[in-house]
Amino acid sequence: MLTPEHIRDFLDEVKDPEIPVLSLNDLGVITGIEVAEDGFVTVRMTPTFAGCPAMEYMRAEVEQSLKRHGVQAFTVQMSFSEPWNSNKISEKGRKALKEFGLAPPQPYQGILVLDILEYAECPNCHSTNTEMRTPFGPTLCRSMHFCLNCRQLFEQFKPL
Amino acid sequence: MLENAIKDLLYKIADDQLILGHRNSEWTGFGPMLEEDIAFSSMAQDKLGHSLAFYTLLHQMGEGDPDTVAFMRNADQFHNSQLVELPIGEYDFSLIRHFLYDNAEILRFESLSQSTNEEIAKIATKLKGEVRYHVLHANTLVKQLGSATQESISRLQQSLEYALPFALGIFEPSKHEQELIDAGIYSGEAALQNQWLERISAVLEKTHLKLPEIANLQPVYGGRYGQHTEHLQPLLDEMAEVFKIDPTAEW
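Rules used throughout
Residues numbered from 1 in each chain as written. Chains lettered and ligands numbered in written order. Predicted model: local features only at pLDDT ≥ 70, side-chain atom pairs only at ≥ 80, totals over all residues. Heavy atoms only, no water. Helix = DSSP H or I, 4+ residues; strand = E, 2+ residues; numbered from the N terminus. Buried < 20%, exposed > 50% of the residue type's maximum accessible area, 1.4 Å probe, protein only. Contact = heavy atoms within 4.5 Å. UniProt positions renumbered as here; feature names shortened; annotations may be inferred. Pairing = 2+ DSSP bridges. Domains from an automatic or database assignment. Buried area = accessible area lost by both parts, 1.4 Å probe. Salt bridge = Lys/Arg side-chain N within 4 Å of Asp/Glu carboxyl O. Polar contact = N/O pair within 3.5 Å; in protein donor to acceptor, adjacent residues only side chain to side chain. Nonpolar A, V, L, I, M, F, W, Y, C, P; charged D, E, K, R; others polar. Axes fitted to C-alpha atoms, helices over the stretch in contact; angles between N-to-C directions. Core = buried A, V, L, I, M, F, W, Y, C linked by side-chain atoms within 4.5 Å.

I would appreciate a short explanation of the overall build of chain A in the present structure.
When helices and strands are counted, chain A shows 5 helices and 9 strands. Summarising its shape, the C-alpha atoms of chain A cover approximately 60 × 30 × 25 Å along the three principal directions. Expressed as a percentage of its 160 residues, the buried residues of chain A come to 49%. Look at the contacts in chain A between residues 6 or more apart in sequence, and 52% of them connect residues 24 or more apart.

Below you can see the structure in the form of structure tokens.
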């Protein structure tokens, strides 16, 4: 008998196509998994950024993964009922981002203040003596920063 | 009926996002510097995503599917403010429009995130976080260029004076204004406009730009009920060109 834990394990192999080291579980976009008594599986997802073109791709990958593991009756729903925020990225995910060369978003409590948007630790030399160059980057979830210590440009996964 | 009032509100929000998203995308490849090219392209993508969220909600309320609604209407069926349909012009105009529009939009989302309508509140809560980056971008650039050179200051000042009556049109009162306020859907256009004036004034005070006397301006209304400039229909024709040739095409 399948359990939600089994499904969550299957989804560990589905990665963010733009950040291939990050699984959807670690990204925090899987908001619910249910297995009904008759075996029908419901997976709920929520987008990181509403305009992210990779979300449809990720949904299709989730469906493919379920099929590969022999799940026949399922639905994958995308909704805003539990909206994503960057605190939902797991510790494992943050480590993976850093190793990938992307500064992970600073965790925050309560309201996201401007200081946190502009704060970033350089993934190359770990200095926090950095400045935000632009809140936009090569994908919707990244901003661009400059490290005043090692004089390198780097990208950050935006806090949201 | 409250449902019609809500649909009216959602259409104007979604249409604003769609049309400004399209205008922003016209900067792709033409930005005055790489960072601005990327910024306007990113905001274009965000705005299309935001319009989709609201068109999807409208679809759940019985309206057409998002692609059909976005691509198959004519200009007189659009509820966007005229501000967002104006051509991108020079960079100074696009920056000022972005500044005026996004400072209004974040207030709208903040108000909607407190809405008694849960579906709307959830979407607004999510999207206001994204719009913060748009506001951060606009305010930073306006502060920098609004205090930089004589040319940058006078260009921004001219664009501000041109755009302001159109920006006041964002807050054109709806036919259902009181009904929406009474039902706790959002705080209403007049309240938003007052808050917006405070926000933009606070930024402009840090620059050499001068906010014209609002009481002397005639707001450009009409957009919310289908009256548009000659610039909207050509935009729609271009946006829907592929869809109209082959509605099943994927691109």
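Now, onward.
Teacher, can you tell me more about the UniProt feature "domain: MIP18 family-like" (unreviewed entry) in chain A here?
In the UniProt entry, the feature "domain: MIP18 family-like" (unreviewed entry) is given for residues 5–67 of chain A. Counted over residues 5–67 of chain A, helix gives 40% and strand 29%. Its end C-alpha atoms are 16 Å apart.

Can you help me understand the sheet that holds strand E7 (residues 130–134) of chain A in this one?
Pairing between the strands of a sheet is mediated by backbone hydrogen bonds and can be parallel or antiparallel. Residue and element names in this part refer to chain A. Pairing is mixed in the open sheet, where 4 strands are placed in the order E6-E9-E8-E7. The open sheet terminates on both sides in strands that have one partner only, identified here as strand E6 (102–103) and E7. Alignment of E6 against strand E9 (residues 153–157), held across 2 bridges, turns out to be parallel. Residue pairing for E9: Ala103 is matched across the bridge by Gln156.

Which parts of the structure should I look at to understand the domain arrangement of chain A?
Note on interface size: it is often stated as the accessible area lost on association of the parts. Residue and element names in this part refer to chain A. Under the domain assignment, chain A is made up of domain 1 (4–84) and domain 2 (87–157). The centre of domain 1, based on its C-alpha atoms, is set 25 Å off from the matching centre of domain 2. Every contact between the two is made by 15 residues of domain 1 and, on the other side, 14 residues of domain 2. Summed over both partners, the interface of domain 1 with domain 2 comes to about 1,300 Å²; 69% of that surface belongs to carbon and sulfur atoms.

Mind showing me how you'd approach the interface of chain B and chain A here?
In this assembly, 21 residues from chain B lie in contact with 25 residues from chain A. The contact between chain B and chain A buries some 2,000 Å² in all, and 72% of this surface belongs to carbon and sulfur atoms. Remark: the boundary between chain B and chain A carries 0 salt bridges. At the junction of chain B with chain A, the criterion picks out 3 residue pairs in polar contact (both at pLDDT 80 or more). When contributions to the side of chain B that touches chain A are tallied by element, the ones reaching two or more residues are helix H2 (34–60) and helix H6 (118–145) of chain B. If one sorts the elements of the side of chain B that touches chain A by residue count, H6(B) sits on top with 11 residues. In terms of residue class, the side of chain B that touches chain A is built from 8 nonpolar, 7 polar and 6 charged.

Teacher, can you tell me more about the sheet that holds strand E5 (residues 74–78) of chain A here?
Residues and elements named next belong to chain A. Read across the sheet, 3 strands follow the order E3-E4-E5 without closing on themselves; strand pairing throughout is mixed. The sheet terminates laterally at strand E3 (30–35) and E5, the two strands that pair on one side only. In this sheet, adjacent strand axes meet at a mean angle of 10 degrees when their direction is disregarded. Where strand E4 (residues 41–45) meets E5, 5 bridges bridge the pair, whose relative direction is parallel. Considered in E5, the bridge of Thr42 is made with Thr75. Strand contacts of helix H1 (residues 4–11): E3 and E4, with the helix running at about 135 degrees to E3, the strand carrying the most contacts.

Help me understand the nonpolar core, please; the structure alone is not making it clear to me.
Generally speaking, soluble globular proteins have nonpolar side chains that are buried together. Within the largest apolar cluster, 118 residues are counted, with the highest numbers of intra-cluster contacts made by A:Val43, A:Met45, B:Leu100 and B:Trp196. With 12 residues, helix H5 (residues 91–112) of chain B is the largest single contributor of residues to this core. Taken domain by domain, this core gets at least three of its residues from each of domain 1 (4–84) and domain 2 (87–157) of chain A. Among the nonpolar cores identified, the runner-up in size contains 5 residues, and A:Ala103, A:Ala120, A:Cys147 and A:Phe154 belong to it.

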